Amino acid sequence: MRIDEATDREMARPQQSLQRILTAITVAMTVLACVVAAMLVGVTSAIGRANATLVREGEGIRLLEEAELDILLHERTREPVIRREVAGSLRSRLRMAGRLVSSADEQREFVRVEAPLEAYLKATPGDGPPSTEAVSHLEAAYAALESVVGVKLDQIETASQGVDDWDRLADVVGVSTATLILLLSGGLLWWLNARAFRPMLALARSMERFSQGDRGARAEVAGPSELREMALRFNQMATAIAAQREAQMTFLGGVAHDLRNPLSVLKVAVANLRSDRPLPPEPKVRKMLEMVGRQVGRLERMVTDLVDLAGIEAGKLQVKLERYDLRALIGGVTELFEGGSRRHRLVVSMPDEEVPVRADPLRIEQVLGNLVSNAIKYSPEADRVEISLSRRVSEALLCVIDHGIGIREEDQSRLFEPFRRVGFSAEEIPGAGLGLFVVRQIVEAHGGRIEVQSAPDRGSTFCVYLPLAPAEAAPAVQRDEVSGHALEPRPNGH
Ligand code: ADP
């Protein structure tokens, strides 16, 4: 399966995030742990309460049973001393048992013990046998005692039933929690292995392949969103590096091609002027020297662009600003190109008043030279190139207009990228795709901008906007002393 298809398939999947899934599992585990902890607290306090009930009710039953034994002893004995002692102990046991009463039912039964018991004790003084009336009180007290014991036994039963219920609930919660934890951790391990670690290792392998020189190595965009993001970023980076490399190779090809042309012209010229041959007639020698001059100019421009590119890459493009009249510079450039093309005429239009800028004259000359050279190069069928200079409110506007092959709209925004050549094969028109990149860097270093308007087969207009210098500044610089170029401002038309 192609990486693109896999990527599309993966992008269509609902997003799973490593962070979200780990957070959800951690929260689920925490909730489970809290439920189990709450359950443990509930079970232990229920068992504690049931235990206290069992102890209290057991103690109560023991006291009541001892009281029953006291009653039997009191009934059987005829010794007045023993009867008094037993009656005392009986009352004291009942008082203690009364303190252990724990429910309204029990209380109701308990109050039914006291009255018949006291009536029996009163009716049985001295050493005589109990009267029939005393025996009936005794039986009533005994029966009431039995029903108190019965209530206590019921309470013990209820308490142990409660413990059983808690125990069962704890079993259910314990088993379900263990099952859930097993399912969650098993699911997490499976998911990490199948959907996270595998794509991560695949991504690492793609990175390794790429670092070992496989420029086509790309990662499959798969797994949780974080990994998909990383894979996408890696793929973008790999594509950018591959494109850069391709552009560099194209650039090298362009440079080699551009170097070969002037060199072969120079070689022919040198061959014609060999010392062992008679010199050609003077007009031919002059023509050859003109040609040599043009080729040397091309070589010089190329080397300048390369040096500038290196400077721009290193962030060291330097401009030396000075105030001068832009009209003077146009004259210098047109002179440079005069005779450079037999076919093209340079038509210049500029205002009568000064167009002062604060700029590096050499750099701006380089900009204009590059634009004019392109205009000539890319309009092989045309017979003229126009240069127009004008003043705006706060800007100088310098345009180079040709009637050549033009540029498609979709290519126009990319022209200023380094090594970018569009719309024709490198064989047709030589060039390295660097000139406009350098031009834009220079213009922007002056606080200006460059724009292009073009239509295929109708020609192109490149316009440079530069900020005007403040009016009160010094007069125009006379650069002709330095460069030898004629810098006299010219009227409209060239
Ligand atoms: P190159 O050395 O290729 O001329 P540039 O950076 O000067 O490099 O130009 C970049 C590309 O822009 C050229 O390859 C060409 O495709 C296009 N271009 C530049 N100027 C013109 C023009 N005047 N007419 C048509 N295309 C142009």
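It should be emphasised that the depicted structure is a prediction, and the values quoted were computed from it without experimental measurement. (Residues numbered from 1 in each chain as written. Predicted model: local features only at pLDDT ≥ 70, side-chain atom pairs only at ≥ 80, totals over all residues. Heavy atoms only, no water.)

*Asks:* Summarise the overall build of the chain; cite the residues concerned and give the values.
*Replies:* Within the chain one finds twelve helices and seven strands. Per-residue burial over the chain gives 39% buried out of 494 residues. Once local pairs closer than 6 in sequence are excluded, the contacts in the chain between residues at least 24 apart make up 76%. (Helix = DSSP H or I, 4+ residues; strand = E, 2+ residues; numbered from the N terminus. Buried < 20%, exposed > 50% of the residue type's maximum accessible area, 1.4 Å probe, protein only. Contact = heavy atoms within 4.5 Å.)

*Asks:* Before we move on, can you summarise the site of the ligand with the specific residues and values?
*Replies:* What surrounds the ligand is a group of 21 residues, the closest being Asn374, Tyr378, Asp402, Arg421 and Leu436. At 3.1 Å, a side-chain N or O of Lys377 approaches an oxygen atom of the ligand. Between a nitrogen atom of the ligand and a side-chain N or O atom of Asp402, the distance comes to 2.8 Å. Bound to the protein, the ligand loses 97% of the 520 Å² it would expose on its own. Broken down by secondary-structure element, the contributors of at least two residues to the shell around the ligand are helix H9 (361-377), helix H11 (435-445) and strand S7 (459-467). The element contributing the most residues to the shell around the ligand is H9, with three residues. Partitioned by chemical class, the residues of the shell around the ligand number eleven nonpolar, six polar and four charged. (Near = heavy atom within 4 Å. Polar contact = N/O pair within 3.5 Å; in protein donor to acceptor, adjacent residues only side chain to side chain. Areas by Shrake-Rupley, 256 points an atom, 1.4 Å probe, with all protein chains shown as cover. Nonpolar A, V, L, I, M, F, W, Y, C, P; charged D, E, K, R; others polar.)

*Asks:* Any details on the environment of Leu266? Residues and values, ideally.
*Replies:* Along the chain, Leu266 turns up in helix H6 (residues 225-272). For the pair Leu266 and Val292, spaced 26 residues apart in sequence, the C-alpha separation works out to 6.0 Å. Those residues in contact with Leu266 that sit more than four places away from it in its chain are Val292, Gln295, Val296 and Leu299.

*Asks:* Tell me about the sheet that holds strand S5 (residues 395-402), residues and numbers included.
*Replies:* By way of backbone hydrogen bonds, the strands of a sheet pair with one another, either parallel or antiparallel. Overall, mixed pairing links the five strands, which are arranged S2-S4-S5-S7-S6 in an open sheet. Strands with a single pairing partner mark the edges of an open sheet, and in this sheet they are strand S2 (345-349) and strand S6 (449-455). Pairwise comparison of adjacent strand axes, ignoring direction, gives a mean angle of 15° for this sheet. Relative to S7, S6 runs antiparallel, the two sharing seven bridges. Bridge pairing in S7 links Ile450 to Val464. (Pairing = 2+ DSSP bridges. Axes fitted to C-alpha atoms, helices over the stretch in contact; angles between N-to-C directions.)

*Asks:* Residue-level account of the side chain of Glu106, with values.
*Replies:* Along the polypeptide, Glu106 turns up in helix H4 (residues 104-123). Since its relative accessible area comes to 0%, Glu106 is described here as buried. Those residues in contact with Glu106, other than ones at most four positions away along the chain, are Glu57, Leu100, Val101, Val148, Val151, Lys152 and Gln155.

*Asks:* Could you give me a rundown of a negative patch on the surface, with the residues and numbers involved?
*Replies:* On the surface, a cluster of negative charge is contributed by Asp154, Glu157, Asp164, Asp167 and Asp171. Along the polypeptide, Glu157 turns up in helix H5 (residues 132-211). (Patch = residues over 30% accessible without salt bridge, like charges linked within 9 Å, V, L, I, M, F, W, Y side chains within 5 Å. Salt bridge = Lys/Arg side-chain N within 4 Å of Asp/Glu carboxyl O. Lys, Arg positive; Asp, Glu negative; His and termini not counted. Charge placed at Lys NZ, Arg CZ, Asp CG, Glu CD.)

*Asks:* I'd like to hear about the pairing of S7, residue by residue, with values.
*Replies:* Counting buried residues along S7, eight of its nine residues qualify, which places the element largely inside the surrounding structure. Alignment of S5 against S7, held across seven bridges, turns out to be antiparallel. When the sheet's bridge partners are listed, Ile401 is paired in S7 with Thr461. The hairpin formed by S6 and S7 contains three residues between the paired strands, and Asp457 there has a positive phi angle of roughly 65°.

*Asks:* Account for H9, naming residues and giving values.
*Replies:* At 3.6 residues per turn, the α-helix brings residues three or four places apart onto the same side. Between the first and last C-alpha of H9 there are 24 Å, a value that for 17 residues agrees with the 24 Å anticipated at 1.5 Å per step. In terms of burial, H9 is a largely internal element, 15 of the 17 residues being buried. Looking at where H9 begins, the residue whose side-chain oxygen comes 3.1 Å from the main-chain nitrogen of Leu362 is Asp360. (Expected span 1.5 Å × (residues − 1).)

*Asks:* So, the nonpolar core: which residues are in play, and what are the values?
*Replies:* Note on soluble globular proteins: their nonpolar side chains tend to be buried together. Ranked by size, the top nonpolar core spans 45 residues in total, and within it Leu326, Leu368, Val372 and Phe462 carry the most contacts. In terms of residue count, the dominant contributor to this core is H9 (seven residues). Excluding its chain neighbours within four sequence positions, the residues that come into contact with Phe462 are Leu371, Leu398, Cys399, Val400, Ile407, Leu415, Phe416, Leu436, Ile450, Glu451 and Val452. The next biggest cluster of nonpolar side chains, apart from the first, holds 23 residues, and it includes Ile61, Leu63, Leu64 and Ala144. (Core = buried A, V, L, I, M, F, W, Y, C linked by side-chain atoms within 4.5 Å.)

*Asks:* Help me get a handle on the packing of aromatic side chains, residues and values and all.
*Replies:* Taken as a whole and assessed by the stated rule, the structure comprises two aromatic pairs. Between Phe210 and Phe234, the ring centres sit 5.9 Å apart and the planes meet at 85°, which makes this aromatic pair edge-to-face. On the criterion of sequence distance, the pair formed by Phe210 in helix H5 and Phe234 in helix H6 is long-range, its members being 24 residues apart. The same class applies to Phe210 and to Phe234, which are both buried. Judged by centre distance (6.5 Å) and plane angle (75°), the ring pair of Phe416 and Phe462 falls under edge-to-face. (Phe/Tyr/Trp six-rings, centres within 6.5 Å; stacked < 30°, edge-to-face > 60°.)

*Asks:* Kindly report on the packing of helix H2 (residues 18-76) against helix H3 (residues 80-99), identifying the contributing residues and their values.
*Replies:* Look at H2 against H3: their axes get within 9 Å of each other, and the N-to-C directions meet at 160°. Classified by the angle between their axes, H2 and H3 sit roughly antiparallel to one another. H3 is crossed by H2, and the crossing has left-handed handedness. Of the residues in H3, those touching H2 at Leu63, Leu64, Glu66, Ala67, Asp70, Ile71, Leu73, His74 and Glu75 are Arg83, Val86, Ala87, Ser89, Leu90, Arg93, Leu94, Met96 and Ala97. Each residue belonging to the contact of H2 with H3 can be placed in one class, and the counts come to eleven nonpolar, two polar and five charged. (Parallel < 35°, antiparallel > 145°, perpendicular 65-115°, else oblique. Left-handed = near helix turned anticlockwise from the far one by under 90°.)

*Asks:* Mind laying out the confidence of the model for the chain, listing which residues take part and the relevant values?
*Replies:* When pLDDT is averaged across the chain, the result is 84; 89% of the residues are at 70 or more. This model gives residues 473-494 a pLDDT under 50, and the stretch forms 49 contacts once residues within four places in sequence are excluded. (pLDDT = per-residue confidence, 0-100.)

*Asks:* Which residues make up the pattern of salt bridges, and what are the values?
*Replies:* Pairing is possible between side chains of opposite charge, provided their charged atoms come close. Counted under the stated rule, the structure contains 23 salt bridges. One salt bridge in this structure joins Asp411 and Arg408, with 3.0 Å as the shortest N-O distance. What makes Asp411 buried here is its relative accessible area of 3%. Residues joined by salt bridges that share partners form a network here, namely Glu59, Arg62, Glu66, Asp70 and Arg93.

*Asks:* Please set out a nonpolar patch on the surface residue by residue, giving values where relevant.
*Replies:* A cluster of nonpolar side chains, Val27, Val31 and Val35, forms an exposed patch at the surface whose accessible area comes to about 230 Å². Taking relative accessible area as the criterion, Val35 reaches 39% and is therefore assigned partly exposed.

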